[in-house]
Amino acid sequence: MNKNLNPNKIAVIGAGGVGATTAYALMVQGVGSEIVLIDVNKDKAEGEAMDLRHGASFVNPVDIYAGDYQDLADAKLIIITAGAAQKPGETRLDLIKKNTGIFKNIVSSITEYNQDGILLVVTNPVDILTHLTYKLSGFPANRVMGSGTVLDSSRFRSLLSKNCGVAASNVHGYIIGEHGDSEVPVWSLTNIAGTKIENYCPICNKDCQDKENSLEDISYQVKNAAYEIIEKKGATFYAVALAVSRIARAILRDENAVLTVSSLMEGYYGVEDISLSLPTLINSNGIERVLELPLAENEEKAFKESAEHLKENFEKLEV
């Protein structure tokens, strides 16, 4: 095993829309000083790396290049974005069979060269594939995570920000559970400027009782945002790339940031042996601690149902 990891090196597997945009977000935000792009289509990876390198004079020093699996041997963080993309009309869970076989090859190729880095899964269905990666890799649970509902939580805050006329940075709230149709908005912990959402709404300058601005409608918009974007433009990649970059920054800079990544459940709210999202403390160790925050009874029930939904689908896989 290689213990000599470069603490500022990131490998991105998959140079498609999400992978290339993730590399761009990492570069622009100065996350990592070395980024290697790996793709089954080597020309595509080389083209993306060249395009990114040509902007080197505008950002912090960073070495970006196309490589092969042996080039990730010393990477601190390995981001997996490769796999079949979600098409219009498909759910994230429809992608399970397509991407399971791809991931078996990817994970075995990673572990051949690197067994000490942190694995971050982005490919959908992200919770299923995160759990599959954990099972296949043999890595400890703290070093395998998925992007989970980090993006969903950002969508949640963005819509509340627009609805209430408050900067998104002052809106605090989480989406937990599956990154998908069974995801759960945690309204009981949502607040604006430290004020619970149910107390803030009466002083908000918009009428939250209108359907357009109702809390239920906001939840619906968050859950179905990806479907709408895919229907309109064919794929989502800007916001997810920013979400992945945020997770990477928390890891490489040892931030102890709280993010809703997907990870192995070890008895949280009674859920075990499946991966899904809860607020989680992230630092250079990967997952430092999953936070078991006080949920409302209906939210805990919905979280457990989300876990069962994912378990049923994972059990159908031939691992």
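Each remark here, short or long, concerns the structure printed above.
Small disclaimer: the values here were computed from a predicted structure and weren't measured.

This paragraph deals with the packing of helix 1 (residues 17-28) against helix 8 (residues 238-252). For the pair helix 1 and helix 8, the least separation of the axes is 8 Å and the interaxial angle reads 50 degrees. Taken as axis vectors, helix 1 and helix 8 run oblique relative to one another. The interaxial crossing formed by helix 1 with helix 8 has right-handed handedness. Two secondary-structure elements touch here, helix 1 through Val18, Thr21, Thr22, Ala25 and Leu26 and helix 8 through Tyr238, Val240, Ala241, Leu242, Val244, Ser245 and Ala248. Considering only residue class, the contact of helix 1 with helix 8 consists of nine nonpolar, three polar and no charged.

It is the contact of helix 3 (residues 96-113) with helix 4 (residues 126-137), at a shortest axis distance of 10 Å, that shows an interaxial angle of 35 degrees. The way helix 3 lies across helix 4 gives a crossing that is right-handed. Counted together, Ile96, Asn99, Thr100, Phe103, Lys104, Val107 and Thr111 of helix 3 and Ile128, Leu129, Leu132, Thr133, Leu136 and Ser137 of helix 4 form the full contact between these two elements. Residue composition of the contact of helix 3 with helix 4, by class: seven nonpolar, five polar and one charged.

Glancing now at the sheet that holds strand 12 (residues 257-259). Spatially, three strands are ordered 12-15-16 in an open sheet, and the strand pairing comes out antiparallel. Because the sheet does not close on itself, it has two edges, and the strands there are strand 12 and strand 16 (286-290). Taking each pair of neighbouring strands and ignoring which way they run, the sheet shows an average axis angle of 40 degrees. Two strands pair when backbone bridges link them, and strand 15 (residues 280-283) and strand 16 are joined in this way by four bridges, in the antiparallel orientation. Bridged to Asn283 within strand 16 is Gly286.

It is worth spelling out empty space enclosed by the protein at this point. This structure, assessed with the given rule, holds one cavity of 30 Å³ or more. Forming the boundary of the largest cavity are Tyr174, Ile176, Val186, Leu189, Tyr269, Leu278, Pro279, Leu291, Leu293 and Leu295. Within the lining of the largest cavity, the residues separate by chemical class into 10 nonpolar, no polar and no charged.

Inspection of every chain in the model, using the stated rule, returns three aromatic pairs. When the centroid spacing of 4.9 Å and the interplanar angle of 70 degrees are considered together, the rings of Phe156 and Trp187 count as edge-to-face. Linking Phe156 in helix 5 (residues 150-164) with Trp187 in the loop between strand 9 (184-185) and strand 10 (191-192), this pair joins segments that are 31 residues apart in sequence. Judged by its relative accessible area of 0%, Phe156 is buried.

Once that is clear, we can look at the sheet that holds strand 7 (residues 171-172). A sheet is described by the order of its strands in space; here three strands give the open sequence 7-10-11, paired in antiparallel fashion. This sheet does not close on itself; its edge strands, each paired only once, are strand 7 and strand 11 (195-196).

Once that is clear, we can look at the pattern of salt bridges. Considering all chains together, one arrives at nine salt bridges under this definition. Among the ionic pairs, Arg246 bridges to Glu255, the shortest N-O distance being 2.8 Å. Under the relative-accessibility criterion, Glu255 is labelled partly exposed at 29%. The closest approach of N and O atoms between Lys301 and Glu305, which form a salt bridge, is 2.6 Å. With Lys301 and Glu305 both in helix 9 (residues 297-314) and four residues apart, this pair spans about one turn of that helix.

So, about the environment of Thr195. Structurally, Thr195 is set in strand 11. We classify Thr195 as partly exposed; its relative accessible area is 27%. Taking the C-alpha atoms as reference points, Thr195 and Val222, 27 residues apart in sequence, are found 22 Å from one another.

This next bit is on helix 4. Its 12 residues place the ends of helix 4 16 Å apart at the C-alpha level, agreeing with the 16 Å of an ideal helix rising 1.5 Å per residue. Counting buried positions along helix 4 yields nine of 12 residues, so the element is predominantly enclosed. Looking only at helix 4, the buried set comprises Val126, Asp127, Ile128, Leu129, Thr130, His131, Leu132, Thr133 and Ser137. Along its buried surface, helix 4 packs onto helix 3, strand 5 (118-121), strand 6 (144-146), strand 13 (262-268), strand 14 (271-277) and helix 9. A positive backbone phi angle near 75 degrees is found at Gly138, which sits one or two residues after helix 4.

So, about the environment of Glu288. One can find Glu288 in strand 16. Looking at Glu288, the relative accessible area reads 42%, which means it is partly exposed. Expressed as a C-alpha distance, the spacing of Glu288 and Ala73, which sit 215 residues apart in the sequence, is 23 Å. A polar atom in the side chain of Glu288 sits 3.0 Å from the side chain of Asn285.

It is worth spelling out helix 8 at this point. Under the 1.5 Å per step criterion, the end-to-end length of helix 8 is 21 Å for 15 residues, consistent within 8% with the ideal 21 Å. By the criterion of burial, helix 8 is predominantly enclosed, with 11 of the 15 residues buried. One or two residues past the end of helix 8 sits Asp254, with phi positive at roughly 50 degrees.

Here is what the cut-offs are and how they apply
Residues numbered from 1 in each chain as written. Predicted model: local features only at pLDDT ≥ 70, side-chain atom pairs only at ≥ 80, totals over all residues. Heavy atoms only, no water. Axes fitted to C-alpha atoms, helices over the stretch in contact; angles between N-to-C directions. Helix = DSSP H or I, 4+ residues; strand = E, 2+ residues; numbered from the N terminus. Parallel < 35°, antiparallel > 145°, perpendicular 65-115°, else oblique. Left-handed = near helix turned anticlockwise from the far one by under 90°. Contact = heavy atoms within 4.5 Å. Nonpolar A, V, L, I, M, F, W, Y, C, P; charged D, E, K, R; others polar. Pairing = 2+ DSSP bridges. 1 Å grid on protein atoms, 1.4 Å probe; cavity = no way out; pocket = protein on both sides within 12 Å on 5 of 7 lines; lining within 4 Å. Points joined across faces, edges and corners; volume = space filled by probe spheres on them. Phe/Tyr/Trp six-rings, centres within 6.5 Å; stacked < 30°, edge-to-face > 60°. Buried < 20%, exposed > 50% of the residue type's maximum accessible area, 1.4 Å probe, protein only. Salt bridge = Lys/Arg side-chain N within 4 Å of Asp/Glu carboxyl O. Expected span 1.5 Å × (residues − 1). Polar contact = N/O pair within 3.5 Å; in protein donor to acceptor, adjacent residues only side chain to side chain.

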